[in-house]
Amino acid sequence: FARPWSFVRGVPNMDVLPPAEGLEIAFAGRSNVGKSSLINALTGQGGLARTSNTPGRTQELNLFRPDDADGLTVVDMPGYGYAKAPKAQVAAWNALVFSYLRGRPNLRRVYVLIDARHGLKANDEDVLSLLDKAAASYQIVLTKADKIGSRALTDLIADTAKRIVRRPAAYPTLIATSSEKYRGIDELRAAIWTLMHE
Ligand code: GDP
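Computed from a predicted model, the values in this text were never measured in an experiment.

Draft legend 1. Fine view of the overall build of the protein. Summing up its helical and strand segments, the protein has five helices and seven strands in all. Reading the secondary structure of the protein in the N-to-C direction produces β-β-α-β-β-α-β-α-β-α-β-α. Taken over the C-alpha trace, the protein has a radius of gyration of 16 Å; the compact-globule value for 198 residues is 16 Å, and the two agree within 12%. By principal-axis analysis of the C-alpha atoms, the protein measures approximately 45 × 40 × 30 Å. The burial tally for the protein puts 35% of its 198 residues in the buried class. A separation of at least 24 residues holds for 77% of the contacts in the protein among residues at least 6 apart in sequence.

Structural data, given as structure tokens:
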């Protein structure tokens, strides 16, 4: 993960999706969950994923690849869950993501980011249902773990694990991270490394 990464392209629709190459992983989460910060921490490259996406901006999948290709593509999905998102925008998000999920044979895992202060919200559950429907394997990653105490974090992990136990495409364990304190990043990298080498 130490090598330089590049932005490949933004994908507003499946017609311009680059051909599947090597292994792909994707990151999804509510706007402001800390997705850009996590991708930047993970790749060791600040400024790769742009932080603070403005609501209402063009919804695109953003693809990143390391410069010396080792067969990994990271896909940054558009944030969801804006309080005032019009129904049409939510429908467009669902259509874009669902067609991507269904049509991407090399997509190995979607990391669904959940803010440790908030836990699973209704729109997160909607996204998990979409992933289940698409049979896209996903794992929950808690973000901003530095913002809550260790006991609250332990409770949240147990509670969230319980809530996803019957979801068919959910990976049973969670990863707790803090991009700010650089916590859980190595664990996430190890999980991705395992995906790449199994
Ligand atoms: P995105 O909209 O999901 O891409 O979220 P960003 O990465 O832009 O982060 C949203 C806000 O949360 C920013 O103000 C970040 O500084 C803050 N943030 C992101 N990760 C962390 C973290 O691990 N800990 C703390 N305390 N704040 C974070």
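Draft legend 2. Quick look at unusual backbone geometry. A positive phi is found at N32, a non-glycine position, where the angle reads about 80°. Mapped onto the secondary structure, N32 falls in the loop between β2 (23-29) and α1 (35-43). Phi at A135 is positive, roughly 55°, even though this residue is not glycine. Looking at the secondary structure, you find A135 in the loop between α3 (122-133) and β6 (138-143).

Draft legend 3. Just the environment of W5, in detail. Structurally, W5 is set in strand β1 (residues 5-11). Its 20 C-beta neighbours within 10 Å are what place W5 among the buried residues. Expressed as a C-alpha distance, the spacing of W5 and D68, which sit 63 residues apart in the sequence, is 8.4 Å. Excluding residues that lie within four positions of it along the chain, W5 makes contacts with T43, Q45, L48, F64, R65, P66 and D67.

Draft legend 4. The nonpolar core, seen in detail. With 47 residues, the main nonpolar core has V112, L113, L131 and L142 as its most contacted residues. Sort the elements by how many residues they give to this core and strand β5 (residues 107-115) lands first, with six residues. Discounting chain neighbours no more than four positions away, the residues touching L142 are I114, A116, L156, L174, A176 and T177.

Draft legend 5. Focus on the sheet that holds strand β7 (residues 175-176). The strand order β1-β3-β4-β2-β5-β6-β7 describes an open sheet built from seven strands, whose pairing is mixed. In this open sheet, the two strands that pair with only one neighbour each are β1 and β7. Strand contacts of α1: β1, β2, β4 (72-76), β5 and β6, with the helix running at about 145° to β2, the strand carrying the most contacts.

Cut-offs applied
Residues numbered from 1 in each chain as written. Predicted model: local features only at pLDDT ≥ 70, side-chain atom pairs only at ≥ 80, totals over all residues. Helix = DSSP H or I, 4+ residues; strand = E, 2+ residues; numbered from the N terminus. Rg over C-alpha atoms; globule rule 2.2 N^0.38 Å. Buried ≥ 20, exposed ≤ 12 C-beta atoms within 10 Å, placed from the backbone. Contact = placed C-beta atoms within 7 Å. Core = buried A, V, L, I, M, F, W, Y, C linked by C-beta atoms within 7 Å. Pairing = 2+ DSSP bridges. Axes fitted to C-alpha atoms, helices over the stretch in contact; angles between N-to-C directions.

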